[in-house]
Amino acid sequence: MILVYNILNAQNRISGRITDQETGMGIPGVTIYIPDLKTGALSDTSGFYKISNLPLSKVIVQVSFVGYKTIVETIDLSITSTKNFVIQQVAAEMNEVVFTGISKATELKRNPIPIVSLERKQLQQNLNTNIIDAITKLPGVSAVTTGPNVSKPFIHGLGYNRVLTLYDGVRQEGQQWGDEHGVEVDENTVDRIEVVKGPASLTYGSDALAGVVNLLSAPPIPDSTIKGHIITNYQSNNGLIETSSMLAGNSNGLIWEGTATHKQATNYQNRYDGRVYGTAFNETDLSGYIGLNKRWGYSHLNFSLFDDLQKIPDGSRDSTTRKFTKQITEIDTFRPIVSNAELNSYKIAPLHQHVQHYKLYSSNNFIFGKSKLGLVLGYQQNIRREFSHPEYPEIPGLYLVLNTFTYDIKYYLPEFKGWETTIGINGMYQNNTNKGTEFIIPDYKLFDLGPFAFVQKTFKKLDISGGIRFDNRFFNNNAMYTTTDSQTGFNIQVDSPVGATQPFYSFKHTFSGISGSIGATYKISNEFLVKGNIARGFRAPNIAEISANGIHPGTLIYQIGNTNFKPEFNLQEDLGISYISYHVTGNIEVFNNNISNYIFNQKLLNNLGQDSIIVKGNQTFKYQQAKAQLYGWEANLDIHPHPLDWIHFANSISVIYALNKGGNGIHVTDSSKYLPFIPPLHTSTELRVNMNRKFRHFSALYAKIGMEYYAKQSRVYSADNTETPTPSYKLFNAGLGFDVINNHGKVLANINILANNITDVAYQSHLSRLKYFEPYPNNSTGRNGIYNMGRNISFKLIVPLSF
């Protein structure tokens, strides 16, 4: 990939030509992009480009084109109006610009913070069942899953409220403490994903203790164009049918875009379970933006609507046939076997969850001479309903409405002797309300306030960066009184405590902490780089960890919180070395993460050492705090063997160890010395062939085959049967794709045929919650729980639009 940088002339415009180093000929279709201004252009048929409406300031410009070395330069637009670029063909993509966890766009290879990224092409050419599933092949990144449409990101063995998910830099707030719903984002709007693997509390505050997943939308298209695409996708395993359409325009800096997506699937299947009842879904999404890109900066107004109807699996089966059963009465004394017709149906059952997420945010960047002001304001509403009453299907059991206002203000000071300084303040206000008949958490309000400062500087071969932040979370949950509805027999909220039950008491607390980081990258030679970073993270306990007192829907768990909790703090050290050449790229990284006041879930036992049961059919768990240590290493090696540059051999490995260090009254035994939900050793190997030549009406042909290996995970938190070991398994995946072109070389369509688990292996991921959905653990099959998805083949068609 190749990246070009442009600059402004006296008329606030920059222009130039992109040429091939070997031939000297102009190259059409090269992307010239200025990330901090969110503007750019494409080179024309002769290689010329022009970008207007630019400020008189220094910017990073990147020039990119498939098969060429990316160029990344800093250009002073106050003195440069013409800039030509000569780009060189290479086998490996060697340069990227990243945005996450830092003050401004920065070259990935020179950034000391451990970051990995995925581009749109990689997202399109891999079979993903949801947007979080797309990042699980990255070293050190995994996901806790509840079927194909529900995934929670984990980084170095930590997840939930320890990993912050962003969309275009805006916090995604949707009851992250819950297990049974995923990230409320349309994957078709994501152009790029950046993952920070380590504490990012410095720039994002609480909940970024383990890292950040930043989902980035596509940049605005070049001026005087209207472009778009239509995507259709079918997946064989669960019959997924997906259609998405996008259209965007740019007229002299007035930009707009809109995307609409619908997808639905029936229950997924595997060799042992057949179709898994309760995993069908039906999702509809709508999003768009309108904005201005001018010499003074930019101002964009974005919106998104997410609506997901999702069945709820509970694993209930007939004890003899092992076929799935379903609840049909409130008393639940008899469950009939689910028919084949219902297992194969796209219809959403009466017992399901309905998740709606609405978001409106304004992203702004105002330039004042050599300084600038960034301002991002957002509002989002998350409505989560779980319909759990079979005789009253219109009444939701769990019904939560979460309103979140976010703010992020950054001031970028003028550069001083090479020092680039950013000061800012960000946070959010939240208000959560119960409206259902089942109550696991109380109504609450919180307000976050976090000022910070960040600096960075380049000394020839050395890049350094660091900063400090002070977080405050003001938390207040309300008391709740409930009584029984005389008609339905369900619990309802009442205002008066007279004759009522009180499941929650009022609680108010302020959680505060200091976080920060310091790191450096040193360029040993043109090929070798060494990086080091030390970061301290902060996380305030979430609402469930503090105040939960009820059945956690979809988990078969009665959950109890703890109001005595302190904030979590961690200190992580990262060290890595990279090698980058035209035919080989590789790196190895090690990390060590020590956490104080680590919060984890522990099963409660009664005086006889048996399971403590508060509500029949649900095990009782209570959150605890202790010290923890996570450490490990990861590596990747990509080879383009000379002279066979059209062959790409990619390899990666990641290893994570996690120890429960006890403390705070927690006694560590052999069965509790490891932390739960830690991914096993994971390796990935892929052999890929890229044919960039044209063959009649076909071009950009690729074919690939890969293997993923997951080792046995025997380092489990086995105390009280909380977690069990998971056997090793191998998965083979394959793919084929190409562009269909006309006589003039214009792309008419892109076709991708992808297959996961092509040998149809029956396996259980160690991070799958369905592994523990088993009503008869001593059954005759010797198997427990629900297995993951079997063979799945995807047929994806992308039709580009241009006006």
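Chemist: Go over the overall build of the chain, please, and point to the residues and values.
Modeler: Secondary structure assignment for the chain yields 4 helices and 46 strands. Over its C-alpha trace the chain gives a radius of gyration of 27 Å, about what one expects of a compact globule, namely 28 Å for 803 residues. Across the 803 residues in the chain, those meeting the buried criterion constitute 57%. Across the chain, contacts joining residues at least 24 apart in sequence account for 67% of those joining residues at least 6 apart. If the 71 positive side-chain charges of the chain are averaged to one point and the 65 negative ones to another, these points end up 5 Å apart.

Chemist: I'd like to hear about the sheet that holds strand S14 (residues 163-167), residue by residue, with values.
Modeler: Taken in spatial order, the 5 strands line up as S10-S16-S17-S14-S15 in an open sheet, and their pairing is mixed. Each having just a single partner strand, strand S10 (115-119) and strand S15 (170-171) make up the two edges of the open sheet. Where strand S16 (residues 190-197) lies against strand S17 (residues 211-217), 7 bridges are found, and the strand directions are antiparallel. What sits directly across from glutamate 194, in S17, is asparagine 214.

Chemist: Break down the sheet that holds strand S11 (residues 141-145) for me, citing the residues and quoting the values.
Modeler: Pairing is antiparallel in the open sheet, where 3 strands are placed in the order S11-S12-S13. Of all the strands in the sheet, the pair left with one neighbour each is S11 and strand S13 (158-159). Pairing geometry for strand S12 (residues 151-155) and S13, over 2 bridges, is antiparallel. When the sheet's bridge partners are listed, phenylalanine 154 is paired in S13 with glycine 159.

Chemist: I'd like a rundown of the nonpolar core, residues and numbers included.
Modeler: Nonpolar side chains in soluble globular proteins tend to be buried together. Ile135, Val190, Ile193, Val195, Val213, Leu215 and Leu630 are the most contacted members of the largest nonpolar core, which has 40 residues in total. Of all the elements in the fold, those that place two or more residues in this core are S10, S11, S14, S16, S17, strand S39 (584-603), strand S40 (619-639) and strand S41 (647-662). Sort the elements by how many residues they give to this core and S39 lands first, with 4 residues. Excluding anything up to four places from it in sequence, leucine 630 contacts His156, Gly157, Leu158, Phe591, Asn592, Asn593, Ile595, Tyr657, Ala658, Leu675 and Ile678. Of all hydrophobic cores here, the second largest spans 22 residues; its members include Leu402, Phe511, Ala540 and Phe569.

Chemist: I'd like a description of the environment of phenylalanine 439, backed by residues and values.
Modeler: Within the secondary structure, phenylalanine 439 sits in the loop between strand S28 (420-434) and strand S29 (444-459). Judged by its relative accessible area of 10%, phenylalanine 439 is buried. Separated by 53 residues in the primary sequence, phenylalanine 439 and isoleucine 492 have C-alpha atoms spaced 9.3 Å apart. What phenylalanine 439 contacts, discounting residues up to four positions off in sequence, is Asn434, Met480, Thr482, Asn491, Ile492, Gln493, Phe504, Asn549 and Gly550.

Chemist: Run through empty space enclosed by the protein, naming residues and quoting values.
Modeler: Space left empty within the atom packing is revealed by a probe, the size of a water molecule, rolled over the atoms. One pass over the full model with this rule turns up 8 cavities of 30 Å³ or more. Where the lining of the largest cavity is concerned, the elements lending two or more residues are S11, S41, strand S43 (698-710) and strand S44 (729-741). At 4 residues, S11 tops the list of elements feeding residues into the lining of the largest cavity. Among the residues making up the lining of the largest cavity, the classes are represented as 17 nonpolar, 18 polar and 3 charged. Here the second largest cavity is characterised by a volume of approximately 260 Å³. Lining the second largest cavity we find 18 residues, and of these Leu123, Asn128, Glu187, Asn188 and Lys796 sit closest to its centre. Those elements that provide at least two residues to the lining of the second largest cavity are helix H1 (120-124), strand S18 (225-235) and strand S46 (792-802). For the lining of the second largest cavity, a count of residues per class yields 6 nonpolar, 8 polar and 4 charged.

About the cut-offs
Residues numbered from 1 in each chain as written. Predicted model: local features only at pLDDT ≥ 70, side-chain atom pairs only at ≥ 80, totals over all residues. Heavy atoms only, no water. Helix = DSSP H or I, 4+ residues; strand = E, 2+ residues; numbered from the N terminus. Rg over C-alpha atoms; globule rule 2.2 N^0.38 Å. Buried < 20%, exposed > 50% of the residue type's maximum accessible area, 1.4 Å probe, protein only. Contact = heavy atoms within 4.5 Å. Lys, Arg positive; Asp, Glu negative; His and termini not counted. Charge placed at Lys NZ, Arg CZ, Asp CG, Glu CD. Pairing = 2+ DSSP bridges. Core = buried A, V, L, I, M, F, W, Y, C linked by side-chain atoms within 4.5 Å. 1 Å grid on protein atoms, 1.4 Å probe; cavity = no way out; pocket = protein on both sides within 12 Å on 5 of 7 lines; lining within 4 Å. Points joined across faces, edges and corners; volume = space filled by probe spheres on them. Nonpolar A, V, L, I, M, F, W, Y, C, P; charged D, E, K, R; others polar.

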